[in-house]
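Chain by chain, the residues:
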Amino acid sequence: MLQSFLKIAFRNLTKRKGYALMNIAGLAIGITCCLLIFEYVAYERSYDRFNDNADRIFRVQDEEYQNGRLVVPCAAAMPGVAPFMKREFPEIEEAGRIRKVEFLLGNDARNIRFKEPTVYYTDQSMIDILQLQLLDGDSKTALSRPGKVIISREEARKYFGNENPLGKTLSVHSSGNTRPLEVTGIFKDYPSSSHLKLSVLVSYPTYSQVIGSYGNPNDVLETSFGWTDFYTYILLKKGSDPNRLEAKLPDFIDRHYNNLPENKSVGDRFSLSLMPLKNIHLYSHYTEEAEANGDGQSVTFLFLIAFFIICIAWINYINLATARSLERAREVGVRKVLGALRGELIGQFMLESLLLNLIALIVAITVTLSINPLFSLLSGRTLPGLLNIPTDYKEYFLALLVIGIFLSGIYPALVLSCYMPVKVLKGIFKNAAGGQWLRKGLIVGQFAASIILIAGTMIVYRQMHYMQNQDLGANINKTVVIKGAFGGLTDSAYNDVFSAFKEDILKLPGVKSITSSSAVMGEEILWSTNWNKIRGGSKQTVNLFHLGVDDDFIGSYGLKIIAGHPFSHAVGENKRKIILNETAVHALGYSSPQKAIGELISGGQNEMDSMEVTGVISDFHNEGLQKSIQPLVIFPNRRTHEDYSVKIEGEHAASTVGLIKKIWDRHFTTDPFDYFFLDEFFNHQYDENRRFGTVFGLFAILAITIACFGLLGLSAYNVLERTKEIGVRKVLGASVNNLVFGLSKDFLILVAIAFVVAIPITVIAMKSWLQGFAYRTGLPWWIFAAAGLLSIVIALLTVGYQALKAALANPVTSLRSE
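Presented here is an overview of the structure given in this document. Note that the coordinates shown come from a computational prediction; the quantities given were computed from them, not determined experimentally.

**Considering the environment of Gly185**
Phase 1 of the analysis: Within the secondary structure, Gly185 is located in strand E8 (residues 177-187).
Phase 2 of the analysis: The spatial distance from the C-alpha of Gly185 to the C-alpha of Gly167 is 8.4 Å, given a sequence separation of 18 residues.
Phase 3 of the analysis: In contact with Gly185, other than residues within four places in its own chain, are Leu134, Asp136, Gly137, Val149, Ile150, Ile151 and Leu166.

**A word on helix H2 (residues 17-44)**
Phase 1 of the analysis: A rise of 1.5 Å per residue sets the reference length of H2, with its 28 residues, at 40 Å; its end C-alpha atoms lie 40 Å apart and thus fit the reference within 8%.
Phase 2 of the analysis: Burial analysis of H2 places 22 of its 28 residues in the buried class, the great majority of the element.

**A look at the environment of Glu582**
Phase 1 of the analysis: Residue placement: Glu582 occurs in helix H19 (residues 582-588).
Phase 2 of the analysis: Sequence spacing of Glu582 and Ile629 is 47 residues, and the spatial spacing of their C-alpha atoms is 9.6 Å.
Phase 3 of the analysis: With residues near it in sequence (within four places) discarded, Glu582 still touches Ile562, Val616, Ile617, Ser618 and Asp619.

**Some words on the pattern of salt bridges**
Phase 1 of the analysis: All told, the structure shown has 27 salt bridges when counted by the stated rule.
Phase 2 of the analysis: A salt bridge links Arg255 to Glu88; the nearest nitrogen and oxygen atoms lie 2.5 Å apart. Of this pair, Arg255 sits in helix H8 (residues 242-258) while Glu88 sits in helix H3 (residues 81-88); the two residues are 167 residues apart in sequence, bridging distant segments of the chain.
Phase 3 of the analysis: Taking relative accessible area as the criterion, Arg255 reaches 44% and is therefore assigned partly exposed.
Phase 4 of the analysis: The residue Lys502 makes a salt bridge to Asp552 at a minimum N-O spacing of 2.6 Å. Linking Lys502 in helix H17 (residues 491-506) with Asp552 in the loop between strand E15 (542-549) and helix H18 (553-556), this pair joins segments that are 50 residues apart in sequence.

**Comments concerning the nonpolar core**
What tends to happen in soluble globular proteins is that the nonpolar side chains get buried as a cluster.
Phase 1 of the analysis: Counting 141 residues, the largest nonpolar core has Leu132 and Tyr233 as the members making the most contacts within it.
Phase 2 of the analysis: Counting residues in each nonpolar core, the second largest holds 25 residues, with Phe103, Ile151, Val210 and Ile211 among its members.

**Concerning the state of the cysteines**
Phase 1 of the analysis: Using the criterion set out here, one finds 0 disulfides in the structure.
Phase 2 of the analysis: Cys33 forms no disulfide, and the closest cysteine sulfur to it belongs to Cys34, at a distance of 8.6 Å.
Phase 3 of the analysis: When its relative accessible area of 2% is taken as the criterion, Cys33 is described as buried.

**Here's the deal with the packing of aromatic side chains**
Phase 1 of the analysis: In this structure the tally under the stated criterion is 37 aromatic pairs.
Phase 2 of the analysis: Look at Trp664 and Phe668: their rings are 4.5 Å apart centre to centre, the planes differ by 45°, and that puts the pair in the tilted class.
Phase 3 of the analysis: The class of Trp664 is buried, set by a relative accessible area of 0%.
Phase 4 of the analysis: Look at Tyr675 and Phe677: their rings are 6.1 Å apart centre to centre, the planes differ by 80°, and that puts the pair in the edge-to-face class.

**Notes on the packing of H3 against H8**
Phase 1 of the analysis: It is at 12 Å that the axes of H3 and H8 come closest, and there the two elements cross at 120°. Between H3 and H8, the crossing angle belongs to the class labelled oblique. For the pair H3 and H8, the sense of crossing is right-handed. Residues Val81, Phe84, Met85 and Glu88 of H3 form the contact with H8, whose participating residues are Leu249, Phe252, Arg255 and His256.

What counts and how
Residues numbered from 1 in each chain as written. Predicted model: local features only at pLDDT ≥ 70, side-chain atom pairs only at ≥ 80, totals over all residues. Heavy atoms only, no water. Helix = DSSP H or I, 4+ residues; strand = E, 2+ residues; numbered from the N terminus. Contact = heavy atoms within 4.5 Å. Expected span 1.5 Å × (residues − 1). Buried < 20%, exposed > 50% of the residue type's maximum accessible area, 1.4 Å probe, protein only. Salt bridge = Lys/Arg side-chain N within 4 Å of Asp/Glu carboxyl O. Core = buried A, V, L, I, M, F, W, Y, C linked by side-chain atoms within 4.5 Å. Disulfide = S-S within 2.5 Å. Phe/Tyr/Trp six-rings, centres within 6.5 Å; stacked < 30°, edge-to-face > 60°. Axes fitted to C-alpha atoms, helices over the stretch in contact; angles between N-to-C directions. Parallel < 35°, antiparallel > 145°, perpendicular 65-115°, else oblique. Left-handed = near helix turned anticlockwise from the far one by under 90°.

So this is what it looks like as C-alpha cells:
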C-alpha cells in the first residue's frame, strides 16, 4: 500500500508541476529562514557556555547610588571584593579578578612592537575559573608571581614566530621605561563566543608592583573598596544557591564601604549584584563592559520572526492544498466508490504533505549551507555552521518541523477525504462554511504577521536614520584620530616632542587644527569622581565624568560655549579652572549655565580641592544615542596624550594621512602609527542595530513573499469555486472591472482585518524595542498606514491577477455543462 501511495503522490506532483514548485518554494524559503535564524540565535545564546562550570560562575558588579538614584551601573567591582568574598562566604569555591589595560608590548630581541588594546592583569585563580587550556607552562603557578605573562597561541606566533616562547621575555614600554615580562604559559586561543577577548594575561602581582611604585600601600589591591575597574568572578560550590548569596551582599558592602565613617559623609552608596556568566553577552549593558555585548531583546525578536515565517509557510501550504481540493474532488469520489476508506485517503494526503516538506527541507538545507558565509557576513558573526549548532536547537527545530508537517498536512487531508462521492461525481463541490472561515482566518494570520514585520522594519530603519543624522553637538567630520604616544618618551620629554610634532602637523596644507584629549567621541569615559558645590545650596554629591583636553579641543570640535569662556592659551591661566556641560550644571543644582560661572566646586573631601567653573558648553553626544548624555567636567591638561585629533580639509584625505604618518614616525620613533577616521569610528556603535535592521528587513520581505503564495492559492480556489457565477454575471452584462472588484474585495477585507490585528501588536513590540535607546524616534501614524497600504497593494496585485484572468475568460466555457 505504501508503494501505491508513493506512486500516486509522485504522479500528482509531476502532473501539477507549477503547484508543486510553488509549494516547495514557499516551504523551502520558510524552512531556510528558520534554519538561518536558529543558527544565529543558537550562536548568540552560546556565549560562555563552553565553560563546563558556566552554571556556577557569576560576575560581581557594582551599582553606585547618589541620593537614592542609580548613577553608575558598572560591570566591574572594587579590587577588595574578590578576596573578601571568598574569605567570608563558604559557598564560594573560588574567586578572582582581571583588570583591563592597554600596553605597548614588544619582543625587543626581534625588534617587534604592537599596541595591545586588550591586556588583562589576572589573578592566578582565573586560569581555572575561565578554563584556560595551557598548551605549555604550569597552570597552577603561571600567574602567581610578579613579572609573569601568559599569551594565546596566536599571540605567540605574532611575537615569536615558530620559536617556543616559554621562558622568553616580552617588554612593556611606557613613558620611556621598559618592564620585562617572562612568558610562563601559552594557552589555546580562547573561543570567540566569550564576552571576554583573552590574548595577553599578565600576573596580578605585577599590577601590585606597578601600583606600589606610585607610593600606594603594597596591599591596596587586596583590601581597597575605593575604586572599581576590576572584573570580578566567583565560582560557587555545587549545590549553592546564588540568590541566597546575593541576599547577603548588601550587608557585605555596607560593612566594607557604605557604613565606614570616612564614606558616610560622601553621600553615595554602593550595592553589589551577581550576573550569571551565561547572561553577560545578551543581558548586561552596564558601563565599562569588557566588550560590546549583544542584545537579548533583538535575538528574541528574531527567534519569533523564525516562528512567524515558518508558520506562514505552512499556512501557505494549507491554502494551496485547499485550492486544489475541487480539482481532486472527483479523484476522491472515484476512489471512494471503488472502496477506498477515509483513513487510507488521509494517509495518502498526509504522505504527499510529508513528501513535499521533505523535498523542501532538502532544498532548504542545501540553500542554507550555500549561503551561510553570506549570512555570517550580513549578521556580523562568525557562525559555526548549520551542522555545528547545539544539539538542543537541532531538537527544537526537529520538533517544530514534525508538529508543523502534521498540522499543515492534517487539515487538507481531512477536507479532501470528507467529500461525499455522490455529490462530487454530480459536480457539487461546495465546502462547509466552517472551512471557509478557517481559511480566511489563516490568511488574516499570515498578513498580520507580514504587516508586523513590514512596520517593524520601517521603525528599525527610522530609528537608525534618526541616530545617524541627529546633531551630536560636536563636529566629528573629517577628523583623523591618532592613538597617543606613550611608549618611548619620559614624562619630562613628552611636552617638547608633542609641541614639535603639533607644529609640523599644522604646517601641512590639508590640516586645519590638531588637539589632544583623554578620549574622543565614541569612546566610553570611565574616569569619574564625586563633586559638590562649595558655596550655597545643597551639599549633595554628584558623580561627574572627567575629560582631559588641551586648549584647542573645544574650538577644534566646534563645541558651543553657552556661558563663560573656553580655556585660555596663556600659560598658567587655566590653573584650577574647569568647564562643565549642561547636564553637569543641572545635576549640581544651578538654575542656569550663567549661574555656574565663577562658582567653586570640589572633587575632593575639602575646599582645598575646589575648582572654578570658567565655562559651560552645550551638551554633546560623547557616545551613541543608545546612551544618555553624561554629566561632564572638562579639565585643561596639555599633557593629555591618549588621543590626538587632526582636523583635515580638502578631498585628498589619504595623501594627508600619509604625510601625517611621516611626521609621526620622525617624532615618535618607537610608537606605531595607529589611526582611524572619527565619523566611521563613532558610527561603529550602531553596527549591531544596523545589522539587526538588515536581517529584520530581509526576513520581512521573504515572509510577505510566502504569504503571497498562499493568497494566490486561495484566490485561485475562490475563482474555481465561483467559475459558473462569473460566467452568469458576464452573460448578464457585468463588466471586467466589476468582476475583478467582486472577486478581490473579500481578500482586501481580510488584509484590512489583518492590518487592524497587527497594529496594536506592532506598537507594543516596537515600543519595547525602542526603550533600549536613550534617544529614540516616535511611532508616527504614517508608518502603519504605509505598511497597511503596501500590504493591500501586494494583495491586490496577487489576487487581481487571478481575478482578471477569470473575468476575461469566455463564459461559454464555464456554462457549457449547464
